[in-house]
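What the coordinates show
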Amino acid sequence: MDRKKCCVKLSVQPSRGLVDEKFVILVQNVPPGSQVTVHASYKCEDGHSWEAFAHYNANTAGTVNVSEDPSLGGTYSGVEPMGLLWSLRPVPGSKPGLRMRKVNVQTPMEVTISVYQGHQTEGFVDQVPLGSVVVERWYMAPGVRRIPITEGGLTATLFLPPGPGPFPGLLDLWGGGGKLVEYRAALLASHGIASLALDYLTAEIVMETGKAVDNQYFETAYRLLEQHPQILGSRIAMLGLSLGTSVTLNMAVYSKVMKLRCVVCVSGSHVQAADGSLEQILACFDENADKTRFTEENQIIVRDLLLPIPTDPKLKTDVGRLQCPLLLVVGEDDQNYPAHESAMDMKDMMERVGNGHLLTVLSYPNAGHLIEPPYTPHVRVSAFKSASIGRQKLMALWGGETVAHSRAQEDAWRKMLIFLRENLYGGRNPSAT
């Protein structure tokens, strides 16, 4: 292919959009039947670079449409419209254990999409592309407001959707790594749900006192949502991932303050002291720390901490008492939590007492623990410093196979948004008295 005779046109539409929005990559004006490589690169806020690439053959019109044409090789194969995002991986030579997470949600992910001559597999930084486009991927839609929260001793950030409202609300809890993680709450607000991202493991009050927060801390966060003038106080949900699931189930079942409209739990378990505190949940992990295993590569597997699923009701959240709809999202290759086994036990518990109709289980074969918003790169292993177990930095084995996990993320997010909209916007409040 002669660059001088070839004026390649590369377009990505939309060039600016939400991270869960699909785009169309079109390469035009290349010689019919020619080989090209479409490449994506992204530099994280931590300075580490990620890339993905795919090999295509142009059609008789000299065009490649990534949404319709099959990749013949690279970091993914087949027809994968968003493969250049979900197959992103650290560039060769990067330190092991990296995970891509957006910290500042007020700026976009800037992904560079480029097209190269031939089927290339390496050395992209040393080559001149035939064309490049920078694409902006946002967690915050235009008009979403980000409001830091410190009142009531909380360490949190509230994201309000555009417009006057009032909006349904959601309390968003992440897992054992602690810190204030905002990107999922920002994205939910971009879809019309006022969302409060809450730090509960490394919150300021924890740093000051050296003690775990009590259940009142979560009730304070709920009340903040309930009493906010732009939030519908009777239409509040709770979403937990991993350790956040333990807290979410505990509060949904036993709190006399929280009257939740619905609950979403991702990659977690109900195995914990019934009607206990966060401190008791963490103590249970510490007591069973000898059940952890390590692979030959020294990657920690934590799922056995909660196995076998106990039969003693005092060692499980009594989900049979739930009065609101519950959505469980689990990966069947989760190596961090026995999420699938826990979901099956919760299903049995709820069916035995007649509230099985409130439960929806989304269970994904070959998906791992870190079920994130769509097109987030799958990370099977990453460095992890638990704010609860051991407190030292380890290589955590999360599990999952890249294609299956990526499919699960896309499907689960779509169905979760439907679940939240159905329960937060329509029908009566099942937990109202």
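You'll find the structure just up there.
None of the values given here were measured: they were computed from a predicted structure. (Residues numbered from 1 in each chain as written. Predicted model: local features only at pLDDT ≥ 70, side-chain atom pairs only at ≥ 80, totals over all residues. Heavy atoms only, no water.)

With that settled, the discussion passes to the side chain of His378. Here His378 lies in the loop between strand E19 (359-364) and strand E20 (381-385). Of note is the side chain of His378, whose polar atom sits 3.1 Å from the backbone oxygen of Gly399. Side-chain polar atoms of His378 contact the side chain of Thr402, separated by 3.1 Å. In contact with His378, other than residues within four places in its own chain, are Trp86, Gly399, Gly400, Glu401, Thr402, His405 and Ser406. (Helix = DSSP H or I, 4+ residues; strand = E, 2+ residues; numbered from the N terminus. Polar contact = N/O pair within 3.5 Å; in protein donor to acceptor, adjacent residues only side chain to side chain. Contact = heavy atoms within 4.5 Å.)

Pairing between the strands of a sheet is mediated by backbone hydrogen bonds and can be parallel or antiparallel. Strand order across the open sheet formed by 3 strands is E1-E3-E6, with antiparallel pairing between neighbours. Here the strands that pair on one side only, and so sit at the sheet edges, are strand E1 (9-13) and strand E6 (64-65). (Pairing = 2+ DSSP bridges.)

It is worth spelling out unusual backbone geometry at this point. The residue after Gln13, namely Pro14, is reached through a cis peptide bond having omega -5 degrees. Looking at the secondary structure, you find Pro14 in the loop between E1 and strand E2 (16-18). Of note, the amide linkage connecting Gly165 to Pro166 takes the cis form, showing an omega dihedral of 0 degrees. Its place among the elements puts Pro166 in the loop between strand E11 (155-160) and strand E12 (167-173). Positive phi, normally seen in glycine, also occurs at Lys179, with a value near 70 degrees. Residue classification places Lys179 among the exposed positions, given a relative accessible area of 61%. (Buried < 20%, exposed > 50% of the residue type's maximum accessible area, 1.4 Å probe, protein only.)

Attention now goes to helix H5 (residues 243-254). Within an α-helix, residues lying three or four positions from one another point in the same direction, as the helix has 3.6 residues per turn. Here H5 spans 17 Å end to end across 12 residues, near enough to the 16 Å set by a 1.5 Å rise per residue. Across the 12 residues that make up H5, a large majority, 12, are buried. Here H5 has its buried residues at Leu243, Gly244, Thr245, Ser246, Val247, Thr248, Leu249, Asn250, Met251, Ala252, Val253 and Tyr254. (Expected span 1.5 Å × (residues − 1).)

A few words on the environment of Glu351. Within the secondary structure layout, Glu351 lies in helix H7 (residues 339-352). Overall, Glu351 belongs to the partly exposed group, its relative accessible area being 44%. Placed 31 residues apart in sequence, Glu351 and Gly320 show a C-alpha to C-alpha distance of 7.9 Å.

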